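An overview of the molecular structure
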Amino acid sequence: MKTHLDWSSYDTYGIGDAYSGIPTRGGNYAKAVAVCMHNRECQRDGRGVMCPAYRITHDPAHSTEARVAAFKAALNGDYGDNAFASPELAAAMDLCVSCKACKKECPSAVDMVLIKTEYLAQRNEALGIPLRNRLMGGLPQWLAHGRGLLRLLARARNALPPLAWAGEKFLGLTAKRPLPPPAKKPFVDPPPQGSGERGDVYLLVDTFARHFDPLIAESAIKVLVAGGYRVTIAKPAPDDPEPHRGLCCGRTYLSMGMVDKARFEAQRILKALAPAFDKGLPVIGLEPSCLLSMRDEFYSLGLGADVSRLNKNLYLFEEFLAREAQRKGLKLPLKKRDGKIVVHGHCHQKAFGVMKALKKTLALIEGQEVEILDTGCCGGAGAFGYEAEHFEPARQMAELALLPAARAAAPEDAVVADGFSCRHQIADGAARKAVHMAVLLADMLKIDAEKPA
């Protein structure tokens, strides 16, 4: 079977081992599917995230185990010669939100996100890429070259019900919730900021922070400068084919099975970050699904040995602060705020064990009451919660725990959610504004510390 991703780790190195460094595609996709041992941990409620689809349906057909069974049947020829275009596989994958929980919580470490990406790539090859998927997957390009038009269209569509109806009828984007419009002004890369007393860092500004919520990047700079770091924005390499477009992890492309596009974005990032990696400087990211995709899916894109340097130098914002506090005694000049800080963790933060770092970062605010919500998936899951056929399942996932908890938070409490989809799911479903950790900390800086060093 010709694959779009590199599955060689399942051929030679075993489940969960590091990428071999061989820049080739291929490998044994079937072995990745076969790791499921049918322990049915994916068919449960209670703590953890897995499996959001099963938790709202309580139907084993919408569990990770059932998806694996469908792929085994497809690979065994039960669905015909064009199995990846079969309705059986489409039905099995319909409610998968790519939460990555199965990779963490399943004893067999079934990587359904990666299996799904290959499936979508194979399906695209057989049937073509639907227009909606092209639009949602290609957001990094559309935002870079036509963000003004996208902002105008999004605002008009949100204000005029006939346009929302047309968007649902012709594109399959639900009319029951607003689309996030791009910010009035995108984030503009400043020159290096800060004294550098504690060292130099690179900040990777993702597509969504750059174009939808530039306050997140601005706040991250403010916090890092207050901590004594010199902050440089990671920019495209001088020979980048699109030097005027910001860097992107390719997550939107991967979520639609557009693997070649995602690989192109990953190559841009690796080349751009090479100077930071050569110097051993930390690279800090802001969006969990972006940065953690770089740590995970990049290994399967056939990028060569350079990808192994990511895990040595790449940190989520709160991971970096927690590391510095533990190793170098970092103390931020933070003031207490009224009310609690109520935190919802992104699925990928939970799947990669980042929640511990988040808790350590919050501990920098001495005496502040913090509540880490016991929530599963928000249901937003990138484009999933905006798709007309998935609006109700997405809302049901959020109603399991997240939205009730957000509604129950007191007016003076700060609700924190690092994920772009999570924040919008909370806003639309609970009428409550949630903020990124960087924004919270920047707001809590003492006034004299807000001025760049």
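Residues numbered from 1 in each chain as written. Predicted model: local features only at pLDDT ≥ 70, side-chain atom pairs only at ≥ 80, totals over all residues. Heavy atoms only, no water.

Next up on the list: the overall build of the protein chain. A count of helical and extended segments in the protein chain gives 23 helices and 10 strands. Classification of the 453 residues of the protein chain by burial places 57% in the buried group. Restricting to contacts in the protein chain with at least 6 residues of sequence separation, those with at least 24 account for 72%. With an accessible surface of roughly 19000 Å², the protein chain has 54% of that area assigned to carbon and sulfur atoms. For the protein chain, the distance from the average position of its 59 positive side-chain charges to the average position of its 51 negative side-chain charges is 4 Å. (Helix = DSSP H or I, 4+ residues; strand = E, 2+ residues; numbered from the N terminus. Buried < 20%, exposed > 50% of the residue type's maximum accessible area, 1.4 Å probe, protein only. Contact = heavy atoms within 4.5 Å. Areas by Shrake-Rupley, 256 points an atom, 1.4 Å probe, with all protein chains shown as cover. Lys, Arg positive; Asp, Glu negative; His and termini not counted. Charge placed at Lys NZ, Arg CZ, Asp CG, Glu CD.)

Before going further, it helps to spend a moment on empty space enclosed by the protein. Tallied over the entire structure, the rule returns five cavities of 30 Å³ or more. The computed volume of the largest cavity comes to approximately 90 Å³. Lining the largest cavity we find 16 residues, and of these Cys 51, Arg 67, Cys 96, Cys 99 and Cys 102 sit closest to its centre. Looking at the lining of the largest cavity, the elements that each hand over two or more residues are helix H3 (52–57), helix H4 (64–75), helix H6 (101–105) and helix H7 (112–127). (1 Å grid on protein atoms, 1.4 Å probe; cavity = no way out; pocket = protein on both sides within 12 Å on 5 of 7 lines; lining within 4 Å. Points joined across faces, edges and corners; volume = space filled by probe spheres on them.)

Mapping Asp 240 onto the fold places it in the loop between strand E4 (229–233) and helix H13 (251–255). Of note is the side chain of Asp 240, whose polar atom sits 2.6 Å from the backbone nitrogen of Glu 242. A distance of 2.9 Å separates the side chain of Asp 240 from the side chain of Arg 268, its partner in a polar contact. (Polar contact = N/O pair within 3.5 Å; in protein donor to acceptor, adjacent residues only side chain to side chain.)

Glancing now at a positive patch on the surface. Together, Lys 104, Lys 356, Lys 359 and Lys 360 make up a region of like positive charge exposed at the surface. Counting residues per element, the positive patch draws most heavily on helix H19 (residues 355–362), which supplies three residues. Tracing the backbone shows Lys 356 in helix H19. Of the residues examined, Lys 356 reaches a relative accessible area of 65% and is grouped as exposed. (Patch = residues over 30% accessible without salt bridge, like charges linked within 9 Å, V, L, I, M, F, W, Y side chains within 5 Å. Salt bridge = Lys/Arg side-chain N within 4 Å of Asp/Glu carboxyl O.)

Before going further, it helps to examine the nonpolar core. Ranked by size, the top nonpolar core spans 81 residues in total, and within it Phe 71, Met 112, Met 294 and Phe 298 carry the most contacts. Sequence-distant contacts of Met 112, that is, excluding residues within four places in its chain, are made with Thr 64, Arg 67, Val 68, Phe 71, Met 93, Cys 96 and Cys 102. Among the nonpolar cores identified, the runner-up in size contains 42 residues, and Val 223, Val 231, Phe 320 and Val 439 belong to it. (Core = buried A, V, L, I, M, F, W, Y, C linked by side-chain atoms within 4.5 Å.)

Mapping Ser 289 onto the fold places it in helix H15 (residues 288–296). For Ser 289, a relative accessible area of 16% puts it in the buried group. Linking Ser 289 and Cys 249, residues 40 residues apart in sequence, is a C-alpha distance of 9.1 Å. In this structure, Ser 289 is in contact with Arg 251, His 346 and His 348, ignoring residues within four places of it in sequence. At a separation of 3.2 Å, a polar atom in the side chain of Ser 289 contacts the side chain of Glu 287.

Pairing within the open sheet is parallel, and its four strands lie in the order E8-E7-E9-E10. Two strands close off the open sheet at either side, each with one partner strand: strand E8 (370–372) and strand E10 (434–435). Of the strand pairs in this sheet, strand E7 (residues 341–344) and E8 are connected by three bridges, and their pairing is parallel. Residue pairing for E8: Val 342 is matched across the bridge by Glu 371. Here helix H22 (residues 420–430) sits on the sheet and contacts E7, strand E9 (414–417) and E10; the angle it forms with E9, its principal contact strand, is near 140°. (Pairing = 2+ DSSP bridges. Axes fitted to C-alpha atoms, helices over the stretch in contact; angles between N-to-C directions.)

Quick look at the packing of helix H12 (residues 214–226) against helix H17 (residues 317–328) now. Packing of H12 against H17 brings their axes to within 12 Å, and their N-to-C directions diverge by 5°. With respect to H17, the axis of H12 lies roughly parallel. Residues Ala 220, Val 223 and Leu 224 of H12 lie in contact with H17, whose contacting residues are Phe 317, Phe 320 and Leu 321. Grouping the amino acids of the contact of H12 with H17 by side-chain chemistry returns six nonpolar, no polar and no charged. (Parallel < 35°, antiparallel > 145°, perpendicular 65-115°, else oblique. Nonpolar A, V, L, I, M, F, W, Y, C, P; charged D, E, K, R; others polar.)

Below, the discussion takes up the environment of Leu 171. Note that Leu 171 resides in helix H10 (residues 161–171). For the pair Leu 171 and Arg 263, spaced 92 residues apart in sequence, the C-alpha separation works out to 26 Å.

This paragraph deals with the pattern of salt bridges. All told, the structure shown has 27 salt bridges when counted by the stated rule. Arg 263 serves as the salt-bridge partner of Asp 260, at 2.9 Å between the closest nitrogen and oxygen. Here Arg 263 and Asp 260 lie together in helix H14 (residues 259–279), a separation of three residues that amounts to about one turn. Asp 260 gets classed as exposed once you look at its relative accessible area, which sits at 52%. Among the charged side chains, a network of salt bridges with common partners joins Lys 100, Lys 103, Asp 111, Arg 251, Asp 296 and Glu 297.

We now examine unusual backbone geometry. Cis peptide bonds are those with omega within 30 degrees of zero, and the linkage from Met 50 to Cys 51 qualifies with -15°. Within the secondary structure layout, Cys 51 lies in the loop between helix H2 (29–34) and H3. Residues other than glycine seldom take positive phi values, yet His 58 does so here, at roughly 50°. By the element assignment, His 58 lies in the loop between H3 and H4. One non-glycine residue, Lys 100, adopts positive backbone phi at about 70°. Locating Lys 100 in the fold gives a position in the loop between helix H5 (87–93) and H6. On the basis of relative accessibility, which here comes to 2%, the residue Lys 100 falls in the buried class.

Geometric values such as these leave the question of function open.
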